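# An overview of the molecular structure
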Amino acid sequence: MVTEHSVAHALAALGHETRLMVFRLLVRAGEGGMIVGDISKRLDMAPSTLAHHLRALVDAGLVIQERQGRQIVNRVDYAVIRGTVDFLLEECCADAVDCVHDGGAEETAA
C-alpha cells in the first residue's frame, strides 16, 4: 500500500546523488538486475560504499535483492516506483481550471 510515509521514504532515498545513480543504473539493467560486483565496477565505487547505498534503497522498498549462489542480484521494484509516481500525480490538476500535463497538452475546462 502506498502511503505518504512510504513515498517520502522512497524520495528521501533517491534524494542522494549516489543512490540516484545506482537506482538509474538498475533501471537500465531491466528485470535481470545486476550483481553487486558489476554495479561496483560500472560506478567505480568501493563495495562497502555501494553496500551502504543499496541498503538505503532496499529499506525504502525501491530495490529487491535476491541471493543466487554466492552472488546477490539487485533489481528495481518497478511496482513500488510506479506506485510512488502514481501517488505523486493522482490528484494532478484536481483544483485547476486550466491544466498542462501529458507531455504539455493543455486541457481547458469548458
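For the structure itself, consult the block above.
Overview of the structure. What you see is a predicted model; the values in this text were computed from it and never measured. (Residues numbered from 1 in each chain as written. Predicted model: local features only at pLDDT ≥ 70, side-chain atom pairs only at ≥ 80, totals over all residues. Heavy atoms only, no water.)

### A short note on the pattern of salt bridges
For clarity, the cut-off: Salt bridges, as used here, are contacts in which a Lys or Arg side-chain nitrogen is within 4 Å of a carboxyl oxygen on Asp or Glu. Strands are runs of DSSP state E lasting at least two residues, helices are runs of H or I lasting at least four, and both sets are numbered from the N terminus onward. Only protein chains enter the accessibility calculation, which uses a 1.4 Å probe; a residue whose area is less than 20% of its type maximum is buried, one above 50% is exposed, and one in between is partly exposed.
Per the stated rule, a full pass over the model turns up two salt bridges. Salt-bridge contacts for Arg55 lead to Asp59; the nearest nitrogen and oxygen are separated by 3.4 Å. Taken together, the residues span about one helical turn, with Arg55 and Asp59 both in helix α4 (residues 47–59) at a distance of four residues. The class for Arg55 is partly exposed, based on a relative accessible area of 41%. Where Arg75 meets Glu66, a salt bridge forms, and the shortest distance between an N and an O atom there is 2.8 Å. For Glu66, a relative accessible area of 36% gives the class partly exposed.

### Re the sheet that holds strand β3 (residues 71–76)
Using the following cut-off: When DSSP finds two or more bridges between a pair of strands, those strands are recorded as paired. Note on definitions: a residue-residue contact is assigned when non-hydrogen atoms from the two residues lie within 4.5 Å. What counts as an axis is a line fitted to C-alpha atoms, over the stretch in contact for a helix, and the angles between N-to-C directions run from 0 to 180 degrees.
Pairing is antiparallel across the open sheet formed by three strands, whose spatial order is β1-β3-β2. Only two strands of the sheet have a single neighbouring strand rather than two, namely β1 (34–35) and β2 (63–68). One ladder, built from two bridges, connects β1 with β3; its direction is antiparallel. Across the sheet, Ile35 pairs through a bridge with Val73, a residue of β3. Running over the sheet, helix α2 (residues 17–29) touches β1, β2 and β3 and is turned about 90° from β3. Taken strand by strand, α4 contacts β2 and β3, and its axis lies near 115° from that of β2.

### Observations concerning a nonpolar patch on the surface
Defined as follows: The patches described consist of residues with a relative accessible area above 30% and no salt bridge, like charges being joined within 9 Å and nonpolar side chains (Val, Leu, Ile, Met, Phe, Trp, Tyr) within 5 Å. Accessibility throughout is a Shrake-Rupley quantity obtained with a 1.4 Å probe, and a residue counts as covered only by protein chains that appear here.
Taken together, the side chains of Leu11, Val85, Leu88 and Leu89 present a nonpolar region at the surface, about 360 Å² in accessible area. The element contributing the most residues to the nonpolar patch is helix α5 (residues 78–89), with three residues. The exposed category is assigned to Leu89, whose relative accessible area is 52%.

### A word on the pairing of β3
Sheet topology note: the β2/β3 ladder contains six bridges and is antiparallel. The partner of Glu66 across the bridge, within β3, is Val73. Joining the antiparallel neighbours β2 and β3 is a turn of two residues, in which Gly69 adopts a positive phi near 65°.

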